[in-house]
Amino acid sequence: KMDSTRRFGKYRVEREVLDEQRLEEVTQRKAYAETHPSLTECLKDSFRCTVPRLKHSVMSSLPVLYWLPKYSVWDYGMPDLISGISVGIMHLPQGMAYALLASLPPVFGLYTSLYPAFIYIFFGTSRHISIGTFTVLSIMVGSVTERLAPDMDFLKTNGTNITTEVDITARDSYRVQVAAATTVLGGLIQVVLGLVKFGFVGTYLSEPLVRAYTTAAAAHAVVAQLKYIFGVSPTRFSGPLSLVYTLKDVCYLLPHTHLPTLVVSAVSMAFLIAAKELNSFLRPKLPVPIPVELITIVAGTLISSYSNLNSNYTISVVGEIPSGLSSPSVPDVSLFGEVIGDAFALAIVGYAISISLGKTFALKHGYKVDSNQELVALGLSNTVGGFFQCYSVCPSMSRSLIQETTGGKTQVTLVVLVTILKLGPLFQELPKAILAAIVFVNLKGMFKQYSDVVTLWKRSKIDLVVWLVTWVSTLLFNLDLGLAASIIFALLTVIFRTQMPTYSVLGNVPGTELYVDMETHKEAREIPGVTIFRSSATVYFANAELYLEALKEKSGLDISKMIIYKRRQEAKQRHAGHWADTCMDGDITDNEEQGCTERENGTVFVIPVTPRTPDGPCRWEYLKGGDPDCTSLGWMSELQDGDTTTLGSSSDDTLSRDLERVSLGSLGKWTWDIHSIIIDLSTANFIDTVAIKTVKNIFQDFSEIDVDIYLAGCQASVVEQLERGDFFSESITKRSLFASVHDAVLYCLNHRGATSFPRYEPSLQLCC
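Rules used in this analysis
Here the residue numbering is sequential within each chain, running from 1 through the sequence in written order. Totals for whole chains, interfaces and linings use all residues, but because this is a predicted model, local features are given only for residues with pLDDT of at least 70 and pairs of side-chain atoms are given and counted only at 80 or more. Only hydrogens and water are set aside when side-chain values are computed; all heavy atoms of the structure are taken into account. The helix and strand labels rest on DSSP assignments: H or I over at least four residues marks a helix, E over at least two residues marks a strand, and numbering proceeds from the N terminus. Think of it in three bands: with a 1.4 Å probe and only protein chains considered, a residue is buried below 20% of the maximum accessible area for its type, exposed above 50%, and partly exposed in between. Between two residues, a contact is recorded if the distance between any of their heavy atoms is within 4.5 Å. Method for areas: the Shrake-Rupley scheme with a 1.4 Å probe, in which residue coverage is limited to the protein chains shown. Any carboxyl oxygen of Asp or Glu within 4 Å of a side-chain nitrogen of Lys or Arg constitutes a salt bridge here. Paired strands are those between which DSSP finds at least two bridges. Each axis is a line fitted through C-alpha atoms, and for a helix only the stretch in contact is used; angles between axes span 0 to 180 degrees, taken between their N-to-C directions. Any pair of N or O atoms that falls within 3.5 Å is considered a polar contact. Within protein, one atom must be able to donate a hydrogen and the other to accept it, and sequence-neighbouring residues count only if both atoms are side-chain atoms. Here the expected length of a helix is defined as 1.5 Å per residue gap, with one fewer gap than residues. Residues grouped as a nonpolar core are buried Ala, Val, Leu, Ile, Met, Phe, Trp, Tyr and Cys residues, joined through side-chain atoms within 4.5 Å. We call Phe, Tyr and Trp rings a pair once their centres come within 6.5 Å, taking the six-membered ring for Trp, and we label the pair stacked below 30 degrees between planes, edge-to-face above 60, and tilted otherwise. Note that bend, as reported per residue, equals the angle between axes fitted to the 7 residues terminating at that residue and the 7 residues originating from it. Angle categories are assigned with fixed cut-offs, so that under 35 degrees is roughly parallel, over 145 is roughly antiparallel, 65 to 115 is roughly perpendicular, and the rest are oblique. Helix crossings get a hand from a simple test, with the near helix turned counterclockwise from the far one by less than a right angle marking a left-handed crossing and a clockwise turn marking a right-handed one. Under this grouping Gly is polar, as are all residues other than the nonpolar Ala, Val, Leu, Ile, Met, Phe, Trp, Tyr, Cys and Pro and the charged Asp, Glu, Lys and Arg. Note on definitions: the grid is 1 Å and covers protein atoms alone; a cavity is a set of points where a 1.4 Å probe fits but cannot get out; a pocket is an open set with protein on both sides within 12 Å along at least five of seven lines; lining residues have an atom within 4 Å of a point. Grid points are joined across faces, edges and corners, and a volume is the space filled by probe spheres set on the points. UniProt positions are given in the numbering used here, feature names are shortened, and annotations may be inferred rather than shown by experiment.

Asks: In this structure, what is going on with the overall build of the protein chain? I would like to understand it.
Replies: A tally of helices and strands in the protein chain yields 29 helices and 14 strands. Residue burial in the protein chain is summarised as follows: out of 768 residues, 47% are buried. Long-range pairs, those at least 24 residues apart, make up 78% of the contacts in the protein chain with a sequence separation of at least 6. Just so you have it, the protein chain exposes about 39400 Å², and 60% of that area is on carbon and sulfur atoms.

Structure follows, in structure tokens:
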């Protein structure tokens, strides 16, 4: 009903036709020096504003100085307390469970839930994200620790005999060093990127890429937890196809499944799934979600402790968890060279997840998140955390949602984790199968992302290909190489799309100044004598040649042949009536300067190819497809070598066929009904030197056949680049650039004879 009663407004604008030169006069465009201050002026401004900028720099580098003095215990104290307890309860089971994904003892997951989060309080700009362990990063860290510290390197020896028992203490100790070194290096990379204002790097990770990557990472997490679910010990693999090899080995060991462990896993998963579904059903009625994971690990610990599951049924448990806080230690710097690639991947993925969640909550609650400062904050959290044996962190969606929904207003809530950490030693008898079950159930949301395939199939085939390539490459090449391959492929799709844009010829919407694609709009009307050409992408070195070919195709003008024809006509007019002799039976006249000879069947163009010699006359050849003067145009590759016929050897029939070849109808669009071509550059946001040269050639070549070229809709930055690229000259001035396509159309029709075209629409005749 609203659409049917909607009233459309109208407007009328009466102004002069504006080319670029007149537009600059009207708008008083500033000179380049005015908009781009010199180095001396920049230095003066920096010294003049040193104190204010220093104050702003300190405030932006330490956001806690901005909000802490304004913190109101009365307004924020109780919501932050409730939120802190709720989030802390989630940190406890997730920290221990995700530590298994990183192939580290569970206590280091608790450390990771505390130290980095505490550092983020001082440097972070988001008020709602919960820094700590995360599934994807835990898996990525686990791939590094298992690659550099495999079980085979820590087999205990007994004299000369090698036993099958692994020195777990030594292995875990070295894995902690590897994880800490990787985390510190990744944090330093994030800090450096943040200081050089490289926060935009996260934009190169598109949503389809991130979702496919996390979906594939979830598959890695599932395979990594199968050994805890079934109680088997598969061989550890690393490198490409390690997922396939591990899954194959697990399937081979299924007949040896430890049944008590499988029962604990199945019961835990059944309880978690049922409890989470009940939680979702009661969510509108509950102020705080039920802590399902905490209930599960408390119940599992009590049952395991009183039933002696470890001693009676050999069910693997968490083991000793030291109480208190860990002391700092310097990571092993010698490992940096081996983990630099993994550290960079962790830095980029962690930042991408952090900034996406941070901006989501900031937009919802009306505050701003600084992408560069977030990169620095996350980097410092990882760097400092690495000194306390933590591994790489980033925010978790589930914890962040709990912090937001329970009323958390600031990051002060994380201090409550100090008290939560004291509960760690109580869970030494917790079966690892329960932690694996928690990981399994928490991955349900990531597995739902497989529905993206159906959605992207309907919306964007290119995004679907990016999704599938990312998913496959991450599964097969592991998380580090998979991420690199995915980013490279995603960037290639952008390049390919700019190389294969949509080229269109525009027509006028009657009664308006609007111009749309004539192929997709039935009511679009062609402007008589004018072709309006537009590309959906900017013109640059990668698509300049394709742009040129598309312009030739869309305009219907074969420039090379048209120039040949025009020059022949000019030669015919110059030499008409000046023939010295007549070529008979292949004999050439004594006049070597003549360019053609007259026959009964028409005019034949000939050129001398050899000079006159004492032994005989010069040799003349009939040029069928080219003109020696045209070779400088750059488009003469169509003229093949040997495309000439010696006139003396040509019979009358052959000559007749040759003349038929050069008839106007066989050379393309020879009605010459186009006098102007307007190139719409409104889609171009930059233009490089190759594109400038291409546009210059377009001006020069079309002028050879008396077709005028005009540019329309150029942005100010593009005009500046044209000026710096020496595009303008005596023949190409700013009078050839127009503020809009309509300005250019009106100029063309008034300049090149609008009265010659009775089909010209009166609606276009606006005041000019």
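What follows picks up the thread again.
Asks: What's the story with the pattern of salt bridges in this structure? I'm lost.
Replies: One side chain can pair with another of opposite charge once the charged atoms of both are near each other. Tallying each qualifying case throughout the model produces 17 salt bridges. When the shortest N-O distance is used, the salt bridge between Arg 22 and Glu 16 registers 3.0 Å. According to the relative accessible area criterion, Arg 22 is partly exposed, its value standing at 30%. Residue Asp 19 pairs with Arg 735 through a salt bridge whose shortest N-O separation is 2.9 Å. Separated by 716 residues along the polypeptide, Asp 19 in the loop between α1 (2-5) and α2 (20-27) and Arg 735 in the loop between α28 (716-724) and β14 (737-738) bring together distant segments of the chain. Residue classification places Asp 19 among the buried positions, given a relative accessible area of 8%. Accessibility expressed as a relative area gives 40% for Arg 735, which makes it partly exposed.

Asks: I keep staring at the sheet that holds strand β6 (residues 515-517) and nothing clicks. Help me out?
Replies: Spatial strand order, β6-β5-β7-β12-β13-β14: 6 strands in an open sheet with mixed pairing. One side of each edge strand has no neighbouring strand; the edge strands of this open sheet are β6 and β14. Here strand β7 (residues 530-535) runs beside strand β12 (residues 676-680); their pairing, made up of 5 bridges, is parallel. Bridge pairing in β12 places Val 530 opposite Ser 676. Sheet strands touched by helix α27 (residues 689-703): β12 and β13 (708-712). Its angle to β13, the strand with the most contacts, is close to 150°.

Asks: Got a minute to help me understand the side chain of Ser 473 in this structure?
Replies: Following the sequence through the fold, Ser 473 ends up in helix α23 (residues 461-499). Among the polar contacts listed, one links the side chain of Ser 473 to the side chain of Ser 486, at a separation of 3.2 Å. Look past the residues within four positions of Ser 473 in its chain and what remains in contact with it is Asn 478, Gly 482, Ala 485 and Ser 486.

Asks: Any chance you could explain the environment of Asp 463 here in plain terms?
Replies: Relative to the helices and strands, Asp 463 is located in helix α23. When residues no more than four places from it in sequence are discounted, the contact partners of Asp 463 are Pro 208 and Leu 456.

Asks: How do you make sense of α27 when you look at a structure like this?
Replies: Every α-helical turn comprises 3.6 residues, leaving residues that sit three or four positions apart pointing alike. With 15 residues, α27 extends 21 Å from end C-alpha to end C-alpha; this agrees with the ideal 21 Å at 1.5 Å per step. Of the positions making up α27, those classed as buried are Ala 691, Ile 692, Thr 694, Val 695, Ile 698, Phe 699, Asp 701 and Phe 702.

Asks: Even after reading the chapter, I still don't get the nonpolar core, so can you show me in this structure?
Replies: One broad trend across soluble globular proteins is that nonpolar side chains are buried collectively. Counting 95 residues, the largest nonpolar core has Met 96, Val 136, Met 140, Ile 297, Val 349, Leu 430 and Leu 435 as its most contacted members. Broken down by element, this core gets its largest block of residues, 15 residues, from helix α16 (residues 336-365). Apart from the residues within four sequence positions on either side, Leu 435 is in contact with Pro 93, Met 96, Ala 97, Leu 100, Ile 297, Val 318 and Leu 430. Ranked by size, the runner-up nonpolar core spans 34 residues in total, among them Tyr 547, Leu 681, Val 707 and Cys 714.

Asks: Explanation requested: the packing of aromatic side chains in the structure shown.
Replies: Think of a pair of aromatic rings as described by two things: how far the centres are apart, and how the planes are tilted against each other in angle. Overall, the coordinates contain 20 aromatic pairs when judged by the stated rule. With centroids separated by 6.5 Å and ring planes inclined at 10°, the aromatic side chains of Phe 447 and Tyr 450 adopt a geometry described as stacked. Since its relative accessible area comes to 31%, Tyr 450 is described here as partly exposed. Arranged with centres 6.0 Å apart and planes meeting at 85°, the rings of Tyr 450 and Trp 471 form a pair that is edge-to-face. Of this pair, Tyr 450 sits in the loop between α21 (444-447) and α22 (452-459) while Trp 471 sits in helix α23; the two residues are 21 residues apart in sequence, bridging distant segments of the chain.

Asks: Honestly, α16 in this entry has me stumped. Any pointers?
Replies: In the structure, α16 departs most strongly from a straight axis at Asp 342, where the bend amounts to approximately 35°. Residue Gly 366 follows α16 closely and has a positive phi angle near 75°.

Asks: What's the story with the packing of helix α11 (residues 207-230) against helix α20 (residues 432-442) in this structure? I'm lost.
Replies: When two helices pack together, their arrangement is captured by the angle between the axes and the distance separating the axes. Two elements in contact, α11 and α20, have axes separated by 9 Å at closest approach and are oriented at 150°. Our classification of the angle between α11 and α20 gives roughly antiparallel. Considering how the two elements wind past one another, α11 and α20 form a crossing that is left-handed. For the pair α11 and α20, the contacting residues are Val 222, Gln 225, Leu 226, Tyr 228 and Ile 229 in the first and Lys 432, Ala 433, Ala 436, Ala 437, Val 439 and Phe 440 in the second. Across the contact of α11 with α20, the residue classes break down as 9 nonpolar, 1 polar and 1 charged.

Asks: How do you make sense of empty space enclosed by the protein when you look at a structure like this?
Replies: Using a probe with the size of a water molecule, rolled over the atoms, empty space left in the structure can be pinpointed. One pass over the structure, following the stated rule, counts 4 cavities of 30 Å³ or more. Here the second largest cavity is characterised by a volume of approximately 50 Å³. Leu 205, Leu 209, Val 210, Tyr 213, Val 349, Ala 352, Ile 353 and Leu 483 together form the lining of the second largest cavity. Taken together, the residues of the lining of the second largest cavity break down into 8 nonpolar, no polar and no charged.

Asks: Explain the UniProt feature "transmembrane region" (unreviewed entry) in the protein chain here, please?
Replies: When the UniProt feature table is mapped onto this chain, "transmembrane region" (unreviewed entry) is found at residues 98-123, 178-200, 257-274, 286-306, 343-363 and 464-496. As annotated, residues 178-200 has a helix share of 78% and a strand share of 0%, and its two end C-alpha atoms lie 29 Å apart.

Asks: Would you explain the layout of surface pockets in this entry?
Replies: Approximately 1100 Å³ is the volume found for the second largest pocket. Lining the second largest pocket are 35 residues, with Asp 151, Ile 168, Arg 171, Lys 227 and Lys 432 sitting closest to its centre. Secondary structure elements with two or more residues in the lining of the second largest pocket: α8 (106-123), β3 (161-166), α10 (168-195), α11 and α20. It is α10 that contributes the most residues to the lining of the second largest pocket, 7 residues altogether. Grouping the constituent residues of the lining of the second largest pocket by class yields 16 nonpolar, 11 polar and 8 charged.

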